[in-house]
Amino acid sequence: MALLASFSIPAWADTLDDIKKRGKVIVALDLGSPPFGMFDAKMQPVGSDVESARLLAADLGLPLEIVQVTSPNRVPFLLTGKADLVMASFSVNEERKKVIDFSIPYGVIQVVVAAPKKIDIKDIASLSGMRLGTTRGSTNDKEATDQAKGAEIVRYEDDATLNTALISGQVNVMASSTQVMATVNERRKNDPLEVKLVLKTNPYAIGVRKGDDALRQVLNDWIEKNLANGKLRAIYAKYNGAELPTDMPK
């Protein structure tokens, strides 16, 4: 409990105070979003966000309780108090910052358009008339909607459903992450996807409620420490097959 004990609590109750009194930390995780969150062969939660959340709970000296979310309900679950914080490849953007706060980033994710080699996509205009699969309510959805004006956007409820659609050929062009593409290609070896366009590179961070400044400070210190000692970098590399940038955005 050393991390928790080092922070004084304001007179008004906040989430950090609630966590201390409860004796466990409740983290919202998307378990339908490989490689960030998924189930293994024994139906146990695994993934880079899952392992990062377990590291956080261990450093806090508290048990971890996982609350499962999808992209569209990450913010509602946080705002209604169903979780203390959200670790679910939660990209930082201005729209979300209007209603919640974020820690400093602990990872990055690119929004890409990917398709098989045989599909010719040279620029954003090439997507006109194409069916473009994405995950509803995600930053991938936002970028696809904002940039691919002429495309038919096909929205799936979570990354796992999008993966299934891409593996089965229901849709062959996606606006998602390189991590999703890699997961799909493990089961689409005869006709793999490749990156055609990079729409945006987003840092992702831990989401907290507005005003939870004490909790956010604990999380910022924890992220800085575990980026510096290499633990968060090792988790990212293990699941994403790539290294984090040397200088993470703040």
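Here the residue numbering is sequential within each chain, running from 1 through the sequence in written order. Totals for whole chains, interfaces and linings use every residue, but because this is a predicted model, local features are given only for residues with pLDDT of at least 70 and side-chain atom pairs only at 80 or more, for both listing and counting. Calculation of side-chain values draws on the structure's entire complement of heavy atoms; hydrogens and water are dropped beforehand.

1. Examining the overall build of the protein
Move 1: Within the protein one finds 10 helices and 12 strands.
Move 2: For 250 residues, the compact-globule formula gives about 18 Å, and the C-alpha radius of gyration of the protein, at 19 Å, lands near that figure.
Move 3: For the protein, the spread of C-alpha atoms along the three principal axes comes to 60 × 35 × 35 Å.
Move 4: Buried residues are those whose accessible area, probed at 1.4 Å on protein chains only, stays under 20% of the maximum for their type, while exposed residues exceed 50% and partly exposed ones sit between those limits. Burial statistics for the protein: of 250 residues in total, 52% are counted as buried.
Move 5: Here, residues are in contact when the closest pair of their heavy atoms is within 4.5 Å. Across the protein, every contact between residues at least 6 apart in sequence was considered, and the portion connecting residues at least 24 apart equals 67%.
Move 6: Accessibility throughout is a Shrake-Rupley quantity obtained with a 1.4 Å probe, and a residue counts as covered only by protein chains that appear here. Element-wise, carbon and sulfur atoms account for 52% of the exposed surface of the protein, whose accessible area totals about 11100 Å².
Move 7: Charge separation in the protein, taken as the distance between the mean sites of 32 positive and 31 negative side-chain charges, equals 2 Å. Note on conventions: DSSP H or I runs of at least 4 residues are helices, E runs of at least 2 residues are strands, and numbering of each starts at the N terminus. Radius of gyration here uses only the C-alpha atoms, and the compact-globule reference equals 2.2 Å multiplied by the residue count raised to the power 0.38. His is not counted here, nor are the chain ends, while Lys and Arg score as positive and Asp and Glu score as negative. Taken as the charge location is NZ of Lys, CZ of Arg, CG of Asp or CD of Glu.

2. Some remarks on the packing of helix α9 (residues 213-228) against helix α10 (residues 231-240)
The angle between the axes and the distance between the axes are what describe a pair of packed helices.
Move 1: Throughout, an axis means a line fitted to C-alpha atoms (over the contacting stretch in the case of helices), and angles, computed between N-to-C directions, take values from 0 to 180 degrees. α10 packs onto α9 with a crossing angle of 75° between their chain directions and a minimal axis gap of 4 Å. Relative to α10, α9 is oriented roughly perpendicular. Within the contact between the two elements, α9 uses Trp222, Ile223, Asn226 and Leu227 and α10 uses Lys231, Leu232 and Arg233. The cut-offs work like this: below 35 degrees is roughly parallel, past 145 is roughly antiparallel, 65 to 115 is roughly perpendicular, and the gaps in between are oblique.

3. Section: the side chain of asparagine 185
Move 1: Here asparagine 185 lies in helix α8 (residues 178-185).
Move 2: Classification of asparagine 185 as buried rests on a relative accessible area of 17%.
Move 3: Apart from the residues within four sequence positions on either side, asparagine 185 is in contact with Pro192 and Leu193.

4. Quick word on the pairing of strand β8 (residues 131-135)
Move 1: Burial of β8 is extensive: four of the five residues sit out of reach of the surface.
Move 2: When the strands point away from the viewer and the connection leading from the first strand across the helix to the second strand turns clockwise, the crossover is called right-handed. For the handedness criterion, the β-α-β arrangement of β8, helix α6 (residues 139-147) and strand β9 (residues 152-156) is classed as right-handed.

5. Quick word on unusual backbone geometry
Move 1: Cis geometry marks the peptide bond from proline 34 to proline 35, where omega comes out at 5°.
Move 2: Positionally, proline 35 belongs in the loop between β1 (25-29) and β2 (38-39).
Move 3: For methionine 43, which is not a glycine, the phi torsion comes out positive at approximately 60°.

6. Structural notes on the pattern of salt bridges
Move 1: Here, a salt bridge means any Lys or Arg side-chain nitrogen found within 4 Å of an Asp or Glu carboxyl oxygen. For the structure shown, the criterion picks out 17 salt bridges.
Move 2: Among the ionic pairs, glutamate 157 bridges to arginine 136, the shortest N-O distance being 2.7 Å. Of this pair, glutamate 157 sits in the loop between β9 and α7 (159-168) while arginine 136 sits in the loop between β8 and α6, and the two are 21 residues apart along the sequence.
Move 3: Given a relative accessible area of 42%, glutamate 157 falls into the partly exposed group.
Move 4: Ionic pairing is found between lysine 200 and glutamate 143, a salt bridge with its closest N-O pair at 3.8 Å. With lysine 200 in strand β11 (residues 193-204) and glutamate 143 in helix α6, the pair connects residues that are 57 residues apart, well separated along the chain.
Move 5: Among the charged side chains, a salt-bridge network with shared partners connects Lys118, Arg188 and Asp191.

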